[in-house]
Every structure is written in structure tokens, then in C-alpha cells.
Amino acid sequence: MDYLIRKANINDIKRLSELFTEFIGVESNPIAMKDQLNLISSNPNYFVAVACDGDQVIGTAMAVQCYDLVGNCNPFLLVENVVVSSAYRGKGTGKLLMKAIEDFGEERECSYIILVSGNQRIQSHDFYKALGYSSENVGFKKRLKQIS
């Protein structure tokens, strides 16, 4: 099936909130989401992609271009919030989202992509490995503020 990948907009807030609730089990604040998406949309270093089946948002992924001071100083890409609705997993939606993210990074001459996936998300790990991502490095994450 062909899905459309496009940049997220304010009209997507409700569905994005539903996807994130499905992903982490915590509801998002739609007012804060709207403010954040407005801010993100005005920053060219951010890309929030959504996958759509017709008018329905079925997945999302966010990329942030980060500057680097090492070597030739090419930027790198940080990927977060990769979510595909459970009804659409295994149908190529995630691949399309990650391709859009990778295209964003290549357009900006990023040297590499960093993403973190929870230890318990074994299917996600298999998905990323199938796309060529390596788990040979160790990633760490420390929460500075609890999600409420």
C-alpha cells in the first residue's frame, strides 16, 4: 500500500497525541504540543514527518540536525519519537518514515544518525537493524524531568 509522507502540521496534533499515547501510555498536552509544533516548524533544523493513509496520520518520526565540532564538523542527526500505529506495523510505514528522515539528513550533509530505543523494544531493534542501523555502540539516556 502507498502511504504519503509529509511534514507535520497543526491539524495533526490530535492524531499525534493519540500515537504518542499508544507509544508511551501517557497522554500529551495538546496545547503544549501545538506550541511546540509551531516552534519546531519554524526551525529548519527540525523535521517532524508524518505517514498518512489518506487523511489519517498513521505514524510519525522526528529528526533534529545537530552541529558538531569533530573532524570536518559535519552535522549529525538525532532521531526521536518514531511511532507507527499498531494497525500499520509491518506494512512498510516505518521504512518510509525512516527514509524521509534519512533524506532530511543527507540533504544537510549529516555524517550519521543517532537514535535510542528502549531495551524492551526488541521488534524495534530488529527493524532498525534491518534498515542498516548498528547496535555496536552503547547508548545512554538520563531523564532530567519525569513525564507527567
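Residues numbered from 1 in each chain as written. Predicted model: local features only at pLDDT ≥ 70, side-chain atom pairs only at ≥ 80, totals over all residues. Heavy atoms only, no water.

Engineer: With reference to specific residues and values, describe the sheet that holds strand β2 (residues 46-53).
Structural biologist: Sheet architecture is open: 5 strands sit in the order β1-β2-β3-β4-β5, paired in mixed fashion. Each of the sheet's edge strands pairs with one partner strand only, and the pair in question is β1 (4-7) and β5 (113-115). Across the sheet, the axes of successive neighbouring strands diverge by a mean angle of 25°, strand direction being ignored. Pairing between β2 and strand β3 (residues 56-66): 8 bridges, direction antiparallel. Considered in β3, the bridge of Ala51 is made with Gly59. Where helix α3 (residues 93-107) meets the sheet, it contacts β1, β2, β3, β4 (76-84) and β5, and its direction lies at approximately 160° from that of β4. (Pairing = 2+ DSSP bridges. Helix = DSSP H or I, 4+ residues; strand = E, 2+ residues; numbered from the N terminus. Axes fitted to C-alpha atoms, helices over the stretch in contact; angles between N-to-C directions. Contact = heavy atoms within 4.5 Å.)

Engineer: So what's going on with the nonpolar core? Residues and values would help.
Structural biologist: Grouped together as the largest cluster of nonpolar side chains are 20 residues, with contacts concentrated most on Phe47, Leu77, Val82, Leu97, Met98 and Ile101. Counting only elements with at least two residues in this core, the list comes to β2, β3, β4 and α3. For this core, the leading source of residues is α3, giving 5 residues. Judged by nonpolar contacts, the second largest core, of 17 residues, contains Ala8, Leu19, Val48 and Cys52. (Core = buried A, V, L, I, M, F, W, Y, C linked by side-chain atoms within 4.5 Å. Buried < 20%, exposed > 50% of the residue type's maximum accessible area, 1.4 Å probe, protein only.)

Engineer: Outline a nonpolar patch on the surface, listing residues and values.
Structural biologist: Where nonpolar side chains cluster on the molecular surface, the patch consists of Leu78, Tyr112 and Ile114 and spans about 230 Å² of accessible area. Positionally, Ile114 belongs in strand β5. Residue class for Ile114 comes out partly exposed when judged on its relative accessible area of 32%. (Patch = residues over 30% accessible without salt bridge, like charges linked within 9 Å, V, L, I, M, F, W, Y side chains within 5 Å. Areas by Shrake-Rupley, 256 points an atom, 1.4 Å probe, with all protein chains shown as cover. Salt bridge = Lys/Arg side-chain N within 4 Å of Asp/Glu carboxyl O.)

Engineer: Which residues make up the packing of helix α1 (residues 13-24) against helix α2 (residues 30-41), and what are the values?
Structural biologist: Two quantities define a packed helix pair, namely the angle between the axes and the distance from one axis to the other. α2 packs onto α1 with a crossing angle of 110° between their chain directions and a minimal axis gap of 10 Å. By the angle class used here, α1 and α2 are roughly perpendicular. The two elements α1 and α2 meet at a crossing, and its hand is right-handed. Residue-level inspection shows Ile13, Leu16, Ser17 and Phe20 of α1 in contact with α2, the latter providing Pro30, Met33, Lys34 and Leu37. Residue classes in the contact of α1 with α2 are distributed as 6 nonpolar, 1 polar and 1 charged. (Parallel < 35°, antiparallel > 145°, perpendicular 65-115°, else oblique. Left-handed = near helix turned anticlockwise from the far one by under 90°. Nonpolar A, V, L, I, M, F, W, Y, C, P; charged D, E, K, R; others polar.)

Engineer: So what's going on with the environment of Ala61? Residues and values would help.
Structural biologist: Relative to the helices and strands, Ala61 resides in strand β3. By relative accessible area, Ala61 is classed as buried at 0%. Considering only alpha carbons, one finds Ala61 and Leu4, 57 residues apart in sequence, at a separation of 13 Å. Ala61 has contacts with Phe47, Val48, Ala49, Glu80, Asn81, Val82, Leu97 and Ile101, leaving out every residue within four places of it along the chain.

Engineer: I'd love a proper account of the packing of aromatic side chains, names of residues and values included.
Structural biologist: Counted according to the given criterion, the structure contains 5 aromatic pairs. Pairing Phe76 with Tyr112 gives two aromatic rings, centres 5.3 Å apart and planes at 0°, and the pair type is stacked. Here Phe76 is found in strand β4, whereas its partner Tyr112 is found in the loop between α3 and β5, with 36 residues between them in sequence. Exposure remark for Phe76: the relative accessible area of 16% places this residue in the buried category. Each ring, one from Tyr128 and one from Tyr133, has its centre 6.0 Å from the other, and the planes form 70°; the classification is edge-to-face. In this structure, Tyr128 and Tyr133 share a single accessibility class: buried. Clustering of aromatic rings is evident, with ring pairs tying together Phe127, Tyr128 and Tyr133. (Phe/Tyr/Trp six-rings, centres within 6.5 Å; stacked < 30°, edge-to-face > 60°.)

These figures capture arrangement, not role.
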